[in-house]
Amino acid sequence: MNTLVRMVMMFLFLILVTHVSEANNTCPKCGSIDVPYPLSTDDNCGDPRYKVYCNNGILEFLSATGFYYKILSINPSAYKLIISPPPIKKGTCYSSDLSSGGLKLDENLPFNISTRNTVMLFNCSVHIIRSPLNCSSISFCRQFENNVKEGLGCKNTLCCHYLKDSAMTSHMIRLRIGGCTAYTSMVDMKLGSSFDSWTYGIELQWVPPN
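- Naming follows an unreviewed UniProt entry, where the chain appears as Wall-associated receptor kinase galacturonan-binding domain-containing protein of Castanea mollissima.
- Database annotation for the chain, UniProt heading Subcellular location (unreviewed entry): "Membrane".

Brief notes about the packing of aromatic side chains
Point 1. Under the definition given, this model contains 10 aromatic pairs.
Point 2. Between F111 and W206 the ring centres are 6.4 Å apart and the planes differ by 70°, which places this aromatic pair in the edge-to-face class. Here F111, found in strand β8 (residues 111–113), pairs with W206, found in strand β13 (residues 202–206); they are 95 residues apart in sequence, far enough to count as distant. For the pair F111 and W206, a shared accessibility class is recorded, and that class is buried.
Point 3. Pairwise contacts between aromatic rings join Y50, F61, Y79, F111 and W206 into one cluster.
Point 4. A cation sits over an aromatic face here: K51 above Y53, 5.7 Å from the ring centre.

Examining the pattern of salt bridges
Point 1. Tallied over the full model, the rule gives 7 salt bridges.
Point 2. Notably, a salt bridge pairs D47 with R49, separated by 2.8 Å at the nearest N-O pair.
Point 3. For E203, the salt bridge goes to K80, with nearest N and O atoms at 3.6 Å. Of the two residues, E203 sits in strand β13 while K80 sits in strand β6 (residues 80–83), which places them 123 residues apart along the sequence.
Point 4. When salt bridges that share partners are traced, they join K80, R116, D188, K190 and E203 into one network.

Definitions and limits used
Residues numbered from 1 in each chain as written. Predicted model: local features only at pLDDT ≥ 70, side-chain atom pairs only at ≥ 80, totals over all residues. Heavy atoms only, no water. UniProt positions renumbered as here; feature names shortened; annotations may be inferred. Phe/Tyr/Trp six-rings, centres within 6.5 Å; stacked < 30°, edge-to-face > 60°. Helix = DSSP H or I, 4+ residues; strand = E, 2+ residues; numbered from the N terminus. Buried < 20%, exposed > 50% of the residue type's maximum accessible area, 1.4 Å probe, protein only. Lys NZ or Arg CZ within 6 Å of the ring centre and 35° of its normal. Salt bridge = Lys/Arg side-chain N within 4 Å of Asp/Glu carboxyl O.

Listed below in structure tokens is the structure:
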């Protein structure tokens, strides 16, 4: 057997061992959602740097400020998961994570906010108006206020939307009194799409383990 063949066989063997190792270290399903490697719900499975939480059969992601967000779906081949935006409290224009300052990820962990999120901000101060925010009368947020029950409490406030990209921080959607007090987000939103076809969520991505 020549050297090249040996090298190819060794490479294939290492790939097989890696896949078997990951499969044996996969965490149990949480409710109806599979928990693929490297996500970890327990010290005995997954990679502890990729911690998620299974609380009463609901898989959740914990922010750097201690707020839990429900995980809606996971795409392990793309290294992405989608969490549910926090609800806007009934009769108000305050997101339920306002006291935590909005969504904030730990920058020392391998997660960040992907660039496929269209974020809508509500009840904003005029001081936040700047590019790349769209705060015009045709902003997506106006459709949300006028057509979605959750947005009724935000009507007649200043609202804006923006596409999460490299110009914005990839670890935070910020809320504060004197800035904006509520938000929601859609994943992979198509220009011109109707409000009733929006896919609500905040897509996070992770850096795969070495």
